[in-house]
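# Geometric and topological summary
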Amino acid sequence: MPLPVFIYFNTIMFIYGFAFIKPFLKPVWFRVIITWPALIYQGTCILLLPFTWITYIYWRWFAMVIVGLCLIGFVQSNLLLKEYVSFSMNETKGGYKTKLQRATYRVSRHPPLSAGEKVLKIAQITDPHLGPFMSASKLRGVSTTIAEWNPDLVFLTGDFLTMESYYETDNLAFGFEPLHDLARSGKVFACLGNHDYESIETVQEALRRNDIPLLMDDDAFVDTPVGRVQIIGTEFEFSRKNHIRKARTEKLVQKLGEKQAMRIWLVHNPEEFQHFPDNSADLMFSGHTHGGQVGLYSLGIHATLYGLFKRQPDHGLWRQGSNSLYVHRGTGFYGFPLRLGVS
């Protein structure tokens, strides 16, 4: 790498990090000149790190390939794809054992035809992460698209913020404002993600302004075209110990008492799914994984880095016994600077 280029990228990395001293959503010019180049550089360095053993002869060519992949990832990271996922609850009820496994579903770019069946239309926003790749206007555009579709239910499954947006109550409320009318009709519900606890007052106030109930280990009943549905939203469980997670989940299920209607859970982290007793989660909606962050989904292959190393649900429909889980790939993302192959 030429010295001037090296100095430029390291300088903007310093400026990018220094700017977090005072959290606020950065203007477009700052993102173009500082944030996005810094994140591309950071992502390139991270992806190159495991391959430092490659000899100097091939290193330049290999580095160019990684840079090219990161540029593709940058473009994909800025894309918002509208997908319609459909599956039958009757299909998911048969042929699945107690072992966690991926289930089949259909994806299209247009609303599927119901063919006379009772259909429950659900929209989900998860992990928008208001910040470098998600402006308030962009989030508002997502909310507007959902409102125009007029679904039966809308679920906001956590991680609404980044370090830039800790105090951006007005912008987060602005992003969700198009859902206000649906919320007043009792169709919108939210739960918390792990990053929301870093500035929980911001999230609570933004949702309150739009009359969106935040379910924190709480539930609500709503009438839908397929009958009465019980919606349960949970707080995020930070413990990594499975016995603690399992005990907490069983306590929540026990607290609900006898099942009176179809149960839909809003649980940010899909790893919690394995701890639910059989027949306690007709359908669960999660996010958190950002679609596996890096993978081959864009090529029609389910494999992702998250799934490879964590061996947990990374995206799509999953089944365990009679319980069902859908993991959204993420409206946005955070953490690793780019997404590649999973947008």
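Overview of the structure. (Residues numbered from 1 in each chain as written. Predicted model: local features only at pLDDT ≥ 70, side-chain atom pairs only at ≥ 80, totals over all residues. Heavy atoms only, no water.)

## Points about the sheet that holds strand β5 (residues 153-156)
The test is simple: When DSSP locates at least two bridges between a pair of strands, those strands are taken to pair. Secondary structure follows DSSP: runs of H or I at least 4 residues long count as helices, runs of E at least 2 residues long count as strands, and numbering of each begins at the N terminus. Helix axes are fitted only over the stretch in contact, all axes being lines through C-alpha atoms; the angle between N-to-C directions runs from 0 to 180 degrees.
Sheet architecture is open: three strands sit in the order β4-β5-β6, paired in parallel fashion. Strands at the two margins of the open sheet, each flanked by one partner only, are β4 (122-125) and β6 (188-190). For this sheet, the mean angle separating the axes of adjacent strands, direction not counted, is 20 degrees. Sheet topology places β4 next to β5; four bridges connect them, and they run parallel. Bridged to Ile125 within β5 is Leu156.

## Details of unusual backbone geometry
Not every positive phi belongs to a glycine, and Asn150 is a case in point at roughly 55 degrees. Here Asn150 shows up in the loop between α5 (136-149) and β5.

## Digging into the pattern of salt bridges
Here is the rule: Salt bridge, as applied in this entry: a Lys or Arg side-chain nitrogen positioned within 4 Å of an Asp or Glu carboxyl oxygen.
This structure, assessed with the given rule, holds 15 salt bridges. Across the pair Asp223 and Arg228 runs a salt bridge whose closest N-O atoms are separated by 3.2 Å. Salt bridges sharing common partners tie together Asp170, Glu205, Arg208 and Arg209.

## Considerations on helix α8 (residues 200-209)
For clarity, the cut-off: Residue exposure (1.4 Å probe, protein chains only): buried if accessible area is under 20% of the type maximum, exposed if over 50%, otherwise partly exposed. Directions are taken from the helix axis to each C-beta atom, and the arc is the one they span. Residue contacts follow a heavy-atom distance rule, with two residues in contact if any of their heavy atoms lie within 4.5 Å.
Inspection of α8 places Ile200, Thr202, Val203, Ala206 and Leu207 among the buried residues, and these make up the whole buried set. Seen along its axis, α8 keeps its buried residues to an arc of 160 degrees; they face one direction. Across from the buried face of α8, at angles greater than 90 degrees, the exposed residues are Glu201 and Arg208. Among the structural elements, β5, α6 (169-176) and β6 are those in contact with the buried residues of α8. Downstream of α8 by a residue or two, Asp211 has a phi angle that is positive, lying close to 55 degrees.

## Structural notes on the packing of α6 against α8
If you want to describe how two helices pack, look at the angle between their axes and the distance between the axes. Operational definition: Angular relationships are summarised with four words: roughly parallel below 35 degrees, roughly antiparallel beyond 145, roughly perpendicular across 65 to 115, and oblique for the angles in between. Here a crossing is taken to be left-handed if its near helix is turned anticlockwise relative to the far helix by less than a right angle, and right-handed if that turn runs clockwise. Nonpolar residues are Ala, Val, Leu, Ile, Met, Phe, Trp, Tyr, Cys and Pro. Charged residues are Asp, Glu, Lys and Arg, and all others, Gly as well, are polar.
Their axes nearest at 8 Å, the elements α6 and α8 cross at an angle of 40 degrees. Taken together, the axes of α6 and α8 are oblique relative to one another. In the crossing of α6 with α8, the sense of the turn from one axis to the other is right-handed. Here α6 contributes Thr169, Asp170, Leu172, Ala173 and Phe176 to the contact with α8, which in turn contributes Thr202, Val203, Glu205, Ala206, Leu207 and Arg209. Residue composition of the contact of α6 with α8, grouped by class: six nonpolar, two polar and three charged.

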